[in-house]
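# Structural description and commentary
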Amino acid sequence: MEPVVISIVVAAIVIVFLVASSVRIVPQARRYNVERFGRYRRTLQPGLNLVLPMADRINTKLDVREQVYSSDPRPVITEDNLVVNIDTVLYYQITDPRAAAYEVADYLQAIDQLTVTTLRNVIGSMDLEETLTSREEINSRLRAVLDDATGKWGIRVNRVEIKAIDPPHTIKEAMEKQMRAERDKRAAILHAEGERQAKILTAEGTKQKDILEAQGAQQAMILRADGEAKAVELVFQAVHRNNADPKVLAYKYLETLPHLASSDNNTFWVIPGELTEAVRTVTRAFGDDDSSPAPASSAVPEKAADETRSPELEAGSTAGLLDAATAADEAEKQAEAAVSDAKAEAAAAQSPQVPRRA
C-alpha cells in the first residue's frame, strides 16, 4: 500500500505543478511575450491566461503605460561655434510589445542616441540666441524625427521637451550684463518719461493757475471799478441833490489831502494852489456862525494872523513838488489852525466887532 500511496502523491504533485505552470495572470497595463520552443508565440493580455507547460515560456514583460525618460546633459555645438549642454525629457509609450521586444535590442538606448543626434543636427543650424528662444520649434522637429524612427520599434513618442540649455560661464556673464544693461536702459527711459510727464503737468498746472489768477484779478478789478463808479455816482447825486455849499466842499477837500499823501506808491505830491482858498473858506465858515460884527480889538490880531498865514499858504501853493508826508502834516496843521481861529472868533463874539477884511 505504501508504494501506491507514494505514487498517487507524486502524481498529484506533478498534476498541480503542471496546472500551476500552465496558468499565467497578467496585471493591468502589462504585456507578456510568450515563446514556444524559442519562437515567438503570442502576447498575453491582462487577466488569466493559459500556456503550454514545459513548452511555452515568458520572454519579456513590458509596461504599456506612458513612460518618462530624462537624458543626461549632452554637449551640442551651435551655428556660432558655442558649446551648450542640453538635456531633454522624453515621453513615450509602447504600442506593439512584440516589436519593442524583437525589433530593437534596447529601445531606451536607441531612443536616447537618436535624440542626441537629432538634437545636434537641429541645434547646429541655429545660433545661441535662436536656440534659447526657439524651444517650441526644436521640440517639434525632435518629435517628428523620433516618432518616424521609433514607429517600427512599436513605440510612440508623445512629447519631447528640452529641460535645460546650459551655455558656457562666460556667455552667462555676458548675457547677464546685457540683460542688466537692457533693464537699466528701460529704467532710464521710464524715469525720463516720468520726469517729462511731471514737468508737463507742472507747467500745465502753473498755466492754469496763472490764467485763473488773472481772471480773478480781472473780475476783482471790474467789480472794484463798478463799485467805485457807483459810489462816485451816489456821492455826485447826493451832493447835487442836497445842494452843498462851498464850505462843505472845502472841508471835505481838506480831509482828503492826508489820504492822498498816505499812499505807499506816491513818491512826490503836488499841493494845488487852491489850498489857501480852501483854508480861508473853512475859516469863514466857522466865523460866519455869529452874525454880530467882530470887535475892533480882535480885528488886528486876525489880520495879523491872516497876514502871517497867507505867505505860508501862498508858499505852499507855489512849492510844486513836496514830500507826501510833510505836505500831509502841514495840511493838518493848517486845518487845526483854521479851526482854532474860528473858535477864537466865536468866543470873541460877545464884544463889539468890526467888519473883517475880505
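Residues numbered from 1 in each chain as written. Predicted model: local features only at pLDDT ≥ 70, side-chain atom pairs only at ≥ 80, totals over all residues. Heavy atoms only, no water.

### Describing the overall build of the protein
Scanning the protein from terminus to terminus reveals ten helices and eleven strands. Taken over 358 residues, the protein has a buried fraction of 27%. Contacts in the protein between residues far apart in sequence, at least 24 positions, make up 67% of those at least 6 positions apart. A total accessible area of about 23800 Å² is found for the protein, and carbon and sulfur atoms account for 57% of it. (Helix = DSSP H or I, 4+ residues; strand = E, 2+ residues; numbered from the N terminus. Buried < 20%, exposed > 50% of the residue type's maximum accessible area, 1.4 Å probe, protein only. Contact = heavy atoms within 4.5 Å. Areas by Shrake-Rupley, 256 points an atom, 1.4 Å probe, with all protein chains shown as cover.)

### What to know about the confidence of the model for the protein
Should the pLDDT be low somewhere, the predicted coordinates at that spot are not to be read in detail. Looking at the protein as a whole, its pLDDT mean stands at 76, while 67% of the residues score no less than 70. Counting interchain partners and residues more than four positions distant, the pLDDT-below-50 stretch residues 288-325 has 48 contacts. Across residues 350-358, confidence stays below pLDDT 50; counting only partners more than four residues off in sequence or on other chains, it has 24 contacts. (pLDDT = per-residue confidence, 0-100.)

### With respect to the pattern of salt bridges
Applying the stated criterion across every chain, the model contains nine salt bridges. In this structure, Arg65 engages Asp63 in a salt bridge whose closest nitrogen and oxygen atoms are separated by 2.7 Å. Close ionic contact of Lys172 with Asp166 constitutes a salt bridge, the shortest N to O distance being 2.7 Å. For Lys172, a relative accessible area of 35% gives the class partly exposed. Judged by its relative accessible area of 32%, Asp166 falls in the partly exposed class. Shared partners join several salt bridges into a network, and the residues in it are Arg30, Asp63 and Arg65. (Salt bridge = Lys/Arg side-chain N within 4 Å of Asp/Glu carboxyl O.)

### Side note on the side chain of Ser22
Position of Ser22 among the secondary structure elements: in helix α1 (residues 2-22). On the accessibility criterion, Ser22 (13% relative accessible area) is buried. If we skip the residues at most four places from it in the chain, Ser22 touches Asn49, Leu50, Val51 and Pro53.

### Thoughts on the packing of aromatic side chains
Evaluated as defined, the whole model comprises two aromatic pairs. Where Tyr40 meets Tyr102, the ring centres are 5.6 Å apart and the plane angle is 70°; that geometry is what we call edge-to-face. Taken together, the residues span a long stretch of sequence, with Tyr40 in strand β3 (residues 39-44) and Tyr102 in helix α2 (residues 97-102) at a distance of 62 residues. In this structure Tyr102 comes out as partly exposed when scored by relative accessible area, which is 34%. With 6.1 Å between their ring centres and 65° between their planes, Tyr92 and Tyr107 make a pair best called edge-to-face. Of the two residues, Tyr92 is situated in strand β8 (residues 83-94) and Tyr107 in helix α3 (residues 107-123); the sequence distance between them amounts to 15 residues. Residue Tyr92 shares its accessibility class with Tyr107, and that shared class is buried. Over the face of the ring belonging to Tyr40 we find Arg98, whose NZ or CZ atom lies 5.6 Å from the ring centre. (Phe/Tyr/Trp six-rings, centres within 6.5 Å; stacked < 30°, edge-to-face > 60°. Lys NZ or Arg CZ within 6 Å of the ring centre and 35° of its normal.)

### Some words on the packing of α3 against helix α5 (residues 135-150)
Viewed as axis vectors pointing N to C, α3 and α5 meet at an angle of 140°, and their least axial separation amounts to 10 Å. In terms of orientation, α3 and α5 fall into the oblique class. Of the two possible hands of crossing, α3 and α5 adopt the one that is right-handed. Within the contact between the two elements, α3 uses Ile111, Leu114, Thr115, Thr118, Leu119, Val122 and Ile123 and α5 uses Ile138, Arg141, Leu142, Val145, Leu146, Ala149 and Thr150. (Axes fitted to C-alpha atoms, helices over the stretch in contact; angles between N-to-C directions. Parallel < 35°, antiparallel > 145°, perpendicular 65-115°, else oblique. Left-handed = near helix turned anticlockwise from the far one by under 90°.)

### Observations regarding the sheet that holds strand β2 (residues 30-36)
Pairing within the open sheet is antiparallel, and its three strands lie in the order β3-β2-β5. Taken across any chain shown, the strands that pair with only one partner, and hence form the sheet edges, are β3 and β5 (56-63). Across the sheet, the axes of successive neighbouring strands diverge by a mean angle of 25°, strand direction being ignored. (Pairing = 2+ DSSP bridges.)

### What to know about a negative patch on the surface
Residues Glu79, Asp80, Glu130 and Glu137 make up a contiguous surface patch of negative charge. With respect to the helices and strands, Glu130 occurs in helix α4 (residues 128-133). (Patch = residues over 30% accessible without salt bridge, like charges linked within 9 Å, V, L, I, M, F, W, Y side chains within 5 Å. Lys, Arg positive; Asp, Glu negative; His and termini not counted. Charge placed at Lys NZ, Arg CZ, Asp CG, Glu CD.)

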